[in-house]
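Residues per chain are reported as follows:
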Amino acid sequence: MSKTSESTHTPLLILGAGPAGLAAALYAARADLEPIVLTGPALGGQVSITYIVENYPGFPEGVEGPDLVKRFQEQAEKFGAQLVLDTAVAVDFQQRPFRVQTTKTAYTADAVIVATGATAKQLEIPGEDEFIGTGVSYCATCDGHFFKGMDIMVVGGGDSALEEALFLTRYANTVTIVHRRDQLRAGRLLQKRARNHPKIRFLLETVVTEILGDDIVEAVRLQHLPSGEIREHPTAGVFIFIGYHPNTDLFEGQLALDERGYIVTDK
Ligand code: NAP
């Protein structure tokens, strides 16, 4: 690593400190590449807001997301990776060394590993933005405890929706899963657990069209798709788990992206 008044040079800059970025950091540090890792806004990425990870090899009892991240970080730092709490805001991959501008400074690097992960998708319905933090959430571990004894809702039919719904049962009185199709996308084990859980109920072939309330969420407007019937359903919270967008806006014009924004890779 070398530093001028304008920028710091490193053989390897890693963008993102989720499992991919931190695994890359571990390997690079052990190869004496002195990697610098820009953590972005969330050290650990999405797994850091996951309550429990049950399918990571080596943890037969399961491991809490934040614990797993702490271990990744310790292991990478042990071999000399340097984690920096900063976010890349512009990149120039057209010249060498590559240039990366951050919110605080600038870096040049002989190589850059992009591991910027993804962000939770929004429903993009009326009321959603307005009630973020007052009943609308994308993170059960962050916000679940605010809903002790209440009736809440989870939107989505994938693994995330069911896993987080199961987690939310520890706080909520009931958790209603609203899914747009009659079949869930989630794996069979999670489906079985959710269907057998006394606090979980399902509203299938149904979409949330609006989130309603005064200062906080009080209800949602639901549409049953086969019949077209629209009705209000009281709820104290709406947890949305409908998939993720790749965090690749930064690389537009710099790297090839597919139509969904994912980086096109070679072999
Ligand atoms: P996902 O598998 O893409 O599922 C998204 C769900 O949201 C789908 O059921 C989808 O409905 C629904 N959805 C999408 N857009 C919607 C919209 N605008 N309105 C209403 N519903 C909408 O996403 P995920 O559950 O976050 O999982 C992402 C990946 O991580 C998957 O590969 C998953 O297997 C993996 N994951 C694994 C675990 C685990 O193994 N324990 C846990 C979490 C995630 P449709 O089904 O109709 O498309």
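Here is a short report on the structure shown in this document.

How each quantity is defined
- Each chain carries its own residue numbering, running from 1 in the written order of its sequence.
- Only residues with pLDDT of at least 70 are given local features in this predicted model, and only at 80 or more are side-chain atom pairs given and counted; all residues enter the totals for whole chains, interfaces and linings.
- In computing side-chain values, all of the structure's heavy atoms are included and hydrogens and water are not.
- Put simply, a salt bridge is a Lys or Arg side-chain nitrogen that is within 4 Å of an Asp or Glu carboxyl oxygen.
- Under the scheme used here, helices are H or I runs from DSSP no shorter than 4 residues and strands are E runs no shorter than 2 residues, and both carry numbers assigned from the N terminus.
- Buried means the residue's accessible area, taken with a 1.4 Å probe over protein chains only, is under 20% of the maximum for its type, while exposed means over 50%, and partly exposed covers the values in between.
- Defined by distance alone, a disulfide is two cysteine sulfur atoms within 2.5 Å.

### Describing the pattern of salt bridges
Opposite charge on two side chains permits them to pair, given that their charged atoms come into close proximity.
At step 1: Taken as a whole and assessed by the stated rule, the structure comprises three salt bridges.
At step 2: Here Arg 193 and Glu 54 are joined by a salt bridge, their closest N and O atoms 3.2 Å apart. Of this pair, Arg 193 sits in helix α5 (residues 188-196) while Glu 54 sits in the loop between β4 (52-53) and β5 (63-64), and the two are 139 residues apart along the sequence.
At step 3: We classify Glu 54 as partly exposed; its relative accessible area is 48%.
At step 4: Linking Arg 221 and Glu 232 is a salt bridge whose minimum nitrogen-to-oxygen distance equals 3.2 Å. Of the two residues, Arg 221 is situated in strand β16 (residues 217-224) and Glu 232 in strand β17 (residues 230-234); the sequence distance between them amounts to eleven residues.

### Brief notes about the state of the cysteines
At step 1: In the structure shown here, the tally under the stated rule is one disulfide.
At step 2: Disulfide pairing places Cys 139 opposite Cys 142 at an S-S distance of 2.0 Å. Its S-S torsion of approximately 75° makes the covalent link between Cys 139 and Cys 142 right-handed.
At step 3: For Cys 139, a relative accessible area of 8% gives the class buried.

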